[in-house]
Amino acid sequence: MDIRCQNLIGGTFSDGANTLPNLSPADGASLGTRPDSGRDEANAAIAAAKEAQKSWAQVTAPARGAALFRLVRLLERDQEKLARALSLEEGKILPEARGEVGKTMRYVEFAAGDCRRMTGITSESEVGGTLGMTLWRPLGVVGLITPWNFPVCIPLWKIAPAIAAGNAVVLKPAPETPATAHLIAELCLEAGIPEGIVNVVHGDAEPAKALIESPDVAAISFTGSTQVGLMIEGECAKRHKRVQCELGGKNPLIVLNDADVAMAAAACAKGAFGSTGQRCTATSRAIVQSGIADEFVAAVTEAAKAVRAGHPLDEATTMGPSVSERQLAQVLKYMEIGKGEAECKTGATRLGGDLASGYFPEPTVFDHVAADSRIATEEIFGPVLSVVRVDNLDDAISAANGVRYGLTGSVFTNNLQDAFHVVNHLETGMTHVNNPTIGGEAHMPFGGIKDTGVGAREMGPDAWRFYAEEKTVYINYGGGARKGNLF
Ligand code: NAD
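Residues numbered from 1 in each chain as written. Predicted model: local features only at pLDDT ≥ 70, side-chain atom pairs only at ≥ 80, totals over all residues. Heavy atoms only, no water.

**Side note on the packing of aromatic side chains**
Evaluation of the coordinates by the stated rule reveals 5 aromatic pairs. Pairing W148 with F381 gives two aromatic rings, centres 5.6 Å apart and planes at 70 degrees, and the pair type is edge-to-face. Of this pair, W148 sits in the loop between strand 8 (141–145) and helix 5 (153–164) while F381 is found in the loop between helix 12 (374–377) and strand 17 (384–390), placing the two residues 233 residues apart along the sequence. Residue classification places F381 among the buried residues on the basis of a relative accessible area of 16%. (Phe/Tyr/Trp six-rings, centres within 6.5 Å; stacked < 30°, edge-to-face > 60°. Helix = DSSP H or I, 4+ residues; strand = E, 2+ residues; numbered from the N terminus. Buried < 20%, exposed > 50% of the residue type's maximum accessible area, 1.4 Å probe, protein only.)

And the structure:
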């Protein structure tokens, strides 16, 4: 792959002031280049978006939906190309990349359908001859700041509802994954989404800050780390700017004594080691009742040892690399911390040999981890599982909730009451029963609580409402002056 990624501003592709290489995390191979833009490019994109949005807001919602349906068909046509680019630059294995692109089509399709469901309310008024109703109006220009770990689906699960609601967007994708953002930009243009409605500015923090600070950007939708998200939330609050942040996680999978242990261990391994542990919904803690703990740890350790790390395009590979040297360094740091805090069952090293030129951590299981230790409470974002042993359900809930994060969690049990006890008491935005912690569907809300989530949920039937303002209208159809209490 050799893609010269460019900014898309007002329908024109251009290089930024500076250019940086895009390198594969699997072996350091060159994948092309990307602009390293600053504030000037971001401000130019905001200006283009502001101009274009005026006419987009006049396009009817069903016609905006038709453009999104055309985008779905193009995503379908190019799904293999997108999946390979994603796999090469982010490092997830090809089947996972194909899965991400497949899900993305469902998100865009759902937002396209929403364009015929943007209904408000109608109501009788207190006053005779008057009708009350609400309409949804776009916000204007929206800034989208996204991470590298789902570089196809997260940009599009924001772009689609934002433009469905009549906004223009400026996407600032993660610097680690520019090629997928470039391909998305090309497809948006080809789909006939008017020039200036989808703008893309590559770079790191500087162009993102321009979006946050610009008075012409009405809202920010951010997905990324809690550290950056909390800062963005504060900056938006100062400017009275609408903001939505989906941030870090430390997702627990609870296994009770009556669970199907083999099923729980398989789900746990999928959540912990799949996508190299770089899913926001990854399982990073197994909270296991003592009666089945030994059996569970043996099964999950065996699963970790069976993971085959390698080049993400190689069919035999079941785990690709960490996305970057920085990310690998973070994972290795926590492996060292873990060795001092708990019992290492397997892993806790960087893989070498044929894989030495890539950023490959070894799938790792720590056992007898204290619920309040660093490896059990801080986000690692790598294939590292901490097993916390507990005596009973209450201890499991209290261990699970003893972190600042609250994205997702799951419980494995055959007892309905216990399952609902966890559903009701787990401090997460999403809870699974007898399922892995990972996964999300287009028509279901997605997001977290506590330090994981701020603002409206993404996906689901209300996703587009974050990008719209509800206007209340009273219509006097009775003729004559309005009567009654006008307070
Ligand atoms: P990150 O916070 O480092 O970067 C995210 C985006 O913010 C990137 O586009 C980056 O360029 C930009 N950015 C960085 N510093 C900035 C600054 N000072 N001001 C403005 N923008 C800035 O996160 P990441 O490493 O790309 O992604 C991994 C993180 O994302 C993990 O913490 C993960 O849990 C989280 N995540 C959460 C969800 C969710 O839905 N909750 C989904 C995916 C990823």
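**Let's talk about unusual backbone geometry**
Within the chain, T276 stands out as a residue other than glycine whose phi angle is a positive 55 degrees. Tracing the backbone through its elements, the reader meets T276 in the loop between helix 9 (261–273) and strand 14 (283–289). A relative accessible area of 1% means that T276 is categorised as buried. For F381, which is not glycine, the phi torsion reads 65 degrees and is therefore positive.

**Quick word on helix 10 (residues 290–306)**
With 17 residues, helix 10 should reach 24 Å at 1.5 Å per residue; the first-to-last C-alpha distance of 25 Å fits that figure. If you look at helix 10, its biggest bend is around 25 degrees, right at F296. Taken as a whole, helix 10 has its buried residues at I292, A293, F296, V297, V300, T301 and A304. The inward-facing, buried residues of helix 10 contact strand 13 (251–255), helix 9, strand 14, strand 15 (343–346), strand 16 (364–367) and strand 17. (Expected span 1.5 Å × (residues − 1). Bend = angle between axes of the 7 residues up to and from the residue. Contact = heavy atoms within 4.5 Å.)

**Section: the site of the ligand**
Taken together, the neighbourhood of the ligand is formed by 30 residues, with T146, K172, D204, S225 and E379 sitting nearest. At a separation of 3.3 Å, an oxygen atom of the ligand approaches a polar backbone atom of G224. With respect to the ligand, the backbone of L247 contributes an N or O atom lying 2.8 Å from a nitrogen atom. Out of a free accessible area of 850 Å², the ligand has 92% covered by protein chains. Of all the secondary structure elements, the ones that give two or more residues to the shell around the ligand are helix 7 (205–213), strand 11 (219–223) and helix 8 (226–238). Considering each element in turn, the shell around the ligand owes the most residues, 3 residues, to helix 7. Its residues placed into classes, the shell around the ligand shows 17 nonpolar, 7 polar and 6 charged. Mapped onto the domain boundaries, the shell around the ligand takes at least three residues apiece from domain 1 (3–247 + 452–472) and domain 2 (251–433). (Near = heavy atom within 4 Å. Polar contact = N/O pair within 3.5 Å; in protein donor to acceptor, adjacent residues only side chain to side chain. Areas by Shrake-Rupley, 256 points an atom, 1.4 Å probe, with all protein chains shown as cover. Nonpolar A, V, L, I, M, F, W, Y, C, P; charged D, E, K, R; others polar. Domains from an automatic or database assignment.)

**Details of the side chain of T223**
With respect to the helices, strands and loops of the structure, T223 is situated in strand 11. A distance of 2.8 Å separates the side chain of T223 from the side chain of K158, its partner in a polar contact. With residues up to four places along the chain from it excluded, the contact list for T223 reads I145, T146, P147, I154, K158, E246 and E458.

**Brief notes about the packing of helix 13 (residues 393–400) against helix 14 (residues 416–425)**
Here helix 13 crosses helix 14 at 25 degrees, and the two axes come no closer than 11 Å. As the angle between them shows, helix 13 and helix 14 are arranged roughly parallel. In this structure, helix 13 crosses over helix 14, and the sense of that crossing is right-handed. Of the residues in helix 14, those touching helix 13 at L393, D394 and I397 are D418, H421, V422 and H425. Its residues assigned to classes, the contact of helix 13 with helix 14 shows 3 nonpolar, 2 polar and 2 charged. (Axes fitted to C-alpha atoms, helices over the stretch in contact; angles between N-to-C directions. Parallel < 35°, antiparallel > 145°, perpendicular 65-115°, else oblique. Left-handed = near helix turned anticlockwise from the far one by under 90°.)

**Remarks on the sheet that holds strand 14**
The mixed open sheet is built from 7 strands, whose spatial order is 15-16-17-14-13-18-19. The open sheet has two free edges, formed respectively by strand 15 and strand 19 (430–433), since each of these has just one partner strand. This sheet shows a mean twist of 20 degrees between the axes of neighbouring strands, independent of strand direction. Of the strand pairs in this sheet, strand 13 and strand 18 (residues 408–412) are connected by 3 bridges, and their pairing is parallel. Residue pairing across strands places L253 opposite S410, the latter belonging to strand 18. With respect to the sheet, helix 10 is in contact with strand 13, strand 14, strand 15, strand 16 and strand 17, its orientation differing from that of strand 14 by roughly 150 degrees. The strands that helix 11 (residues 325–341) touches are strand 16 and strand 17; relative to strand 16, the one it contacts most, it runs at about 30 degrees. (Pairing = 2+ DSSP bridges.)

**Quick look at the domain arrangement of the chain**
One widely used convention gives an interface's size as the accessible area the parts lose upon coming together. Taken domain by domain, the chain comprises domain 1 (3–247 + 452–472) and domain 2 (251–433). The distance between the C-alpha centroids of domain 1 and domain 2 comes to 31 Å. Residue-level contacts link 23 residues of domain 1 with 27 residues of domain 2. If you look at where domain 1 meets domain 2, you find 1 salt bridge. R326 is the salt-bridge partner of E176, the closest N and O atoms lying 3.8 Å from each other. On the surface where domain 1 and domain 2 come into contact, there are 5 residue pairs in polar contact (both at pLDDT 80 or more). For the side of domain 1 that touches domain 2, the leading source of residues is helix 3 (residues 79–90), giving 5 residues. When grouped by side-chain class, the residues that make up the side of domain 1 that touches domain 2 number 8 nonpolar, 6 polar and 9 charged. (Salt bridge = Lys/Arg side-chain N within 4 Å of Asp/Glu carboxyl O.)

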